[in-house]
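So the chains spell out like this:
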Number of protein chains: 2
Amino acid sequence: MYSSELIKGTLKTIILKLLSDSNEMYGYELTQRVKELTGGKIQLTEGALYPTLHALEAQGVLSTNVVNVGNRIRKYYSITPTGKQLANDKVNEYADFIQTMTFLLGLKPNMG
Amino acid sequence: MYSSELIKGTLKTIILKLLSDSNEMYGYELTQRVKELTGGKIQLTEGALYPTLHALEAQGVLSTNVVNVGNRIRKYYSITPTGKQLANDKVNEYADFIQTMTFLLGLKPNMG
DNA sequence: TTTACATACATAATTTTCTTAGGTATATAT
DNA sequence: ATATATACCTAAGAAAATTATGTATGTAAA
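Within each chain, residues carry numbers counting from 1 in the order of the written sequence. By the order in which they are written, chains take letters starting at A while ligands take numbers starting at 1. Where local features are concerned, this predicted model is filtered to residues with pLDDT of at least 70; where side-chain atom pairs are given and counted, the filter is 80 or more; whole-chain, interface and lining totals use all residues. Excluding hydrogens and water, the side-chain values take into account all heavy atoms of the structure.

(A) Up close: the sheet that holds strand β2 (residues 62-69) of chain B. One bridge is not enough; two strands pair if DSSP finds at least two bridges between them. Comment: elements are numbered from the N terminus, with helices defined as DSSP H or I runs of at least four residues and strands as E runs of at least two. Within the open sheet, the three strands sit side by side as β1-β3-β2 (chain B). Their pairing is antiparallel. Edge positions in the open sheet fall to β1 (25-26) and β2 of chain B, since each of these has one partner strand only.

Quick look at the structure:
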């Protein structure tokens with residue numbers, strides 16, 4: 001796990017990117033997917049995730065589809081066209097930012 | 001300028017790295033140096049910078065040296081041995097984080 | 001000569017974003 | 001029974017930033 005400082009400001013970008021690459025995902029699924037893809041180094045907390053999902057839906061970049069799985073509720077999120085555009089912008093901005101930070105911190109541009 | 005979200009959590013790392021590479025720098029100098037090195041893409045705000053410098057000094061990772069330049073005060077910060085260690089740790093953690101995010105967001109590991 | 005901008009420090013109110021903690025509920029394995 | 005996993009949610013508080021403001025000097029332009 002990274003220090004919580006580092007992860008700040010990346011949540012929206014991560015959510016939008018993952019939803020941009022799949023038809024639909026539900027909240028819990030997002031937490032598991034990120035955990036899996038990062039080898040546990042990034043773990044989304046529910047207290048941060050759910051309010052952010054609600055905000056993104058209210059902004060019109062996500063839409064929802066509530067489904068009953070057995071007796072449990074599952075709320076699928078999918079990205080809207082506006083959201084897809086935003087996802088692209090955010091990912092591109094982050095890519096640029098990474099390059100700037102790489103230079104600023106004197107990191108090797110590409111090392112295992 | 002990047003959206004303010006992105007820069008969050010990177011301030012301490014940036015300060016520690018720059019001070020790690022120079023004998024001493026003062027607050028205003030840090031803002032100008034970062035602006036210069038990033039082509040204006042990252043601009044430290046004084047409201048964030050000064051409280052952070054004070055906190056780092058209180059933690060013992062920075063020490064200060066107040067100088068009179070003409071009639072103006074200038075407060076030079078230099079890094080302590082503890083601070084140098086912390087700078088290294090933070091930079092390494094950030095390098096690791098960048099790799100994780102690069103993978104998670106599906107970015108090219110090395111593109112101009 | 002006064003207006004604007006740069007230098008150089010600082011703090012305070014507010015906002016944003018996250019953590020921590022708690023709540024509800026079902027399913028499954030020990 | 002108990003713990004763990006699934007699956008949603010909110011609220012109090014902390015952390016870290018922005019925005020606004022204050023003080024003060026130096027310099028260049030109008």
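(B) Looking closely at the protein's contact with DNA strand C. A molecule or strand has a residue near it when one of that residue's heavy atoms lies within 4 Å. In the neighbourhood of DNA strand C, 24 residues make up the surrounding shell, with Arg72(A), Tyr26(B), Tyr28(B), Arg74(B) and Lys75(B) lying closest. In the interface set of DNA strand C, defined as its atoms within 4 Å of the protein, sugar plus phosphate atoms amount to 73%. Separating a base oxygen of DNA strand C from a side-chain N or O atom of Arg72(A) is a distance of 2.8 Å. Nitrogen and oxygen atoms within 3.5 Å of one another constitute a polar contact, given that in protein one can donate a hydrogen and the other can accept it, and given that sequence-neighbouring residues count only through two side-chain atoms. One nitrogen or oxygen atom from the side chain of His54(B) is found 3.2 Å from a phosphate oxygen belonging to DNA strand C. Contributing elements (two or more residues each) for the surface near DNA strand C: α4 (46-58) of chain A together with α3 (27-37), α4 (46-58) and β3 (72-79) of chain B. A total of five residues in the surface near DNA strand C trace back to one element, the largest contributor, which is α4(B).

(C) Focus on the relation of the copies chain A and chain B. Superposing chain A onto chain B takes a rotation of 180° combined with a translation of 0.0 Å along the rotation axis, leaving an RMSD of 0.1 Å. With respect to symmetry, the two chain copies, as superposed, fit the operation of a two-fold axis. Any pair of residues with heavy atoms lying within 4.5 Å of one another is described as a contacting pair. When the interface residues of chain A are mapped onto chain B, 100% of them are again interface residues, pointing to one common binding face. Superposing the copies works by least squares over the C-alpha atoms of residues that have pLDDT at least 70 in both of them.

(D) A look at the sheet that holds strand β1 (residues 25-26) of chain A. Residues and elements named next belong to chain A. Strand order in the open sheet made by the three strands is β1-β3-β2, with antiparallel pairing throughout. Of all the strands in the sheet, just β1 and β2 (62-69) have a single pairing partner and so form its edges. Across eight bridges, the pairing between β2 and strand β3 (residues 72-79) is antiparallel. By the bridge assignment for β3, Asn 65 is matched with Tyr 76.

(E) Just helix α2 (residues 11-20) of chain B, in detail. The element α2(B) is extensively covered by neighbouring structure, given that nine of its ten residues are classed as buried. Residue burial is assigned from relative accessible area. The probe radius is 1.4 Å, only protein chains are included, and a residue is buried under 20% of its type maximum, exposed over 50%, and partly exposed in between. Taken together, the buried positions of α2(B) are Leu11(B), Thr13(B), Ile14(B), Ile15(B), Leu16(B), Lys17(B), Leu18(B), Leu19(B) and Ser20(B).

(F) Geometry of the nonpolar core. What makes a nonpolar core is a set of buried Ala, Val, Leu, Ile, Met, Phe, Trp, Tyr and Cys residues whose side-chain atoms join them at distances within 4.5 Å. Ranked by size, the top nonpolar core spans 60 residues in total, and within it Leu62(A) and Leu62(B) carry the most contacts. With sequence-adjacent residues up to four places away left out, Leu62(B) is seen in contact with Ile15(B), Leu16(B), Leu19(B), Leu53(B), Leu56(B), Glu57(B), Tyr77(B), Ser78(B), Ile79(B) and Thr80(B).

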